[in-house]
Amino acid sequence: MAEAKTQPTDTDPRDFLAAVEPVRKREEAQVLDALFRRVTGEQPKMWGPSIIGYGSYSATYASGREVEWMRTGFSPRTAKHSLYLMGGYCDPETGAKHADALERLGKHTRGKSCLYVNKLADIDLAVLEEMIRADWAEMNRRYPA
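Numbers given to residues run from 1 along each chain, matching the order in which its sequence is written. With the structure being a predicted model, the display of local features is reserved for residues of pLDDT at least 70 and the display and counting of side-chain atom pairs for 80 or more, all residues being used for whole-chain, interface and lining totals. Calculated side-chain values reflect all of the structure's heavy atoms, with hydrogen atoms and water omitted.

Peer 1: Outline helix H2 (residues 23–40), listing residues and values.
Peer 2: Given a rise of 1.5 Å per residue, 18 residues ought to cover 26 Å, and the 26 Å separating the end C-alpha atoms of H2 matches this to within 8%. Relative accessible area decides the class of each residue, using a 1.4 Å probe on protein chains only: under 20% of the type maximum gives buried, over 50% gives exposed, and in between gives partly exposed. Working definition: helices are DSSP H or I runs of at least four residues, strands are E runs of at least two. Numbering for both runs from the N terminus. For H2, the set of buried residues is Lys 25, Arg 26, Glu 28, Ala 29, Leu 32, Asp 33, Leu 35, Phe 36, Val 39 and Thr 40. Throughout, a contact is declared for two residues whenever any of their heavy atoms are within 4.5 Å. Contacts from the buried residues of H2 go to helix H1 (13–18), strand S1 (44–47), strand S2 (51–60), strand S3 (66–76), strand S4 (81–85) and helix H5 (125–142). Downstream of H2 by a residue or two, Gly 41 has a phi angle that is positive, lying close to 70°. The span expected for a helix works out to 1.5 Å for each residue beyond the first.

This is the structure:
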């Protein structure tokens, strides 16, 4: 059975964050880390070389493939921050709540389970916190620890 391409690593997220360039992106990544820690109550773990994840869950696809993945997280990519909000992807009701929140969030783009933000000044951090909280609650409901 094939494993997920992105796996947890032993890299310390603090070391990764300290090396993020440019400085503005590093400072924003530290703000995001503090926000995710506060909302989740979890210590972060690196997933692959550039994703900071909070919590994890195991799922089995219809094909029988089993994967472990982070419950939520982000990556301070060069162009945009990638925010992984899995609850909105897994649950239509949470996804609908996100639709309302996205109208209030500010400048962003979306993927299936990702939210892309160029810079934090473009968005309302209180709305982002609301979205992370809803996602975290849904992931804990759907995949109890």
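Peer 1: Describe the pairing of S4, listing the residues and the values that go with them.
Peer 2: Most of S4 is tucked away, with five of its five residues classed as buried. Burial of the side chains of S4 extends over both faces: His 81, Leu 83 and Leu 85 are buried on one face and Ser 82 and Tyr 84 on the other. Paired strands, in this sense, are two strands between which DSSP finds at least two bridges. Both S3 and S4 contribute to a ladder of five bridges, which runs antiparallel. Among the inter-strand pairings, Thr 72 is bridged to a residue of S4, identified as Leu 85. Adjacent in sequence and paired antiparallel, S3 and S4 are bridged by four residues. As paired elements, S4 and strand S6 (residues 114–117) share four bridges and run antiparallel to each other. Residue pairing for S6: Ser 82 is matched across the bridge by Tyr 116.

Peer 1: Describe in detail the nonpolar core, supporting the description with residues and values.
Peer 2: In these notes, a set of buried Ala, Val, Leu, Ile, Met, Phe, Trp, Tyr and Cys residues joined through side-chain atoms within 4.5 Å is what counts as a nonpolar core. Counting 25 residues, the largest nonpolar core has Phe 74, Leu 83, Leu 105, Leu 115, Leu 128 and Met 131 as the members making the most contacts within it. Of all the secondary structure elements, the ones that give two or more residues to this core are H1, H2, S2, S4, helix H4 (92–105), S6 and H5. The element contributing the most residues to this core is H2, with five residues. Among all residues touching Leu 83, those that are not within four sequence positions of it are Leu 32, Phe 36, Gly 73, Phe 74, Ser 113, Cys 114, Leu 115, Val 117 and Leu 128. Membership of the second largest hydrophobic core comes to 11 residues, among which are Trp 47, Trp 69, Met 70 and Met 86.

Peer 1: Describe the environment of Glu 21, and please don't skip the residues or the numbers.
Peer 2: Relative to the helices and strands, Glu 21 resides in the loop between H1 and H2. Along the chain, Glu 21 and Pro 76 lie 55 residues apart, while their C-alpha atoms are 9.1 Å from each other. Here the side chain of Glu 21 touches Arg 26 through a polar contact of 2.6 Å, side chain to side chain. Pairs of N or O atoms are called polar contacts if they sit within 3.5 Å, as long as, within protein, a hydrogen donor faces a hydrogen acceptor (for residues adjacent in sequence, only side-chain-to-side-chain pairs).

So far we have only geometry, and geometry alone does not tell us how the molecule works.
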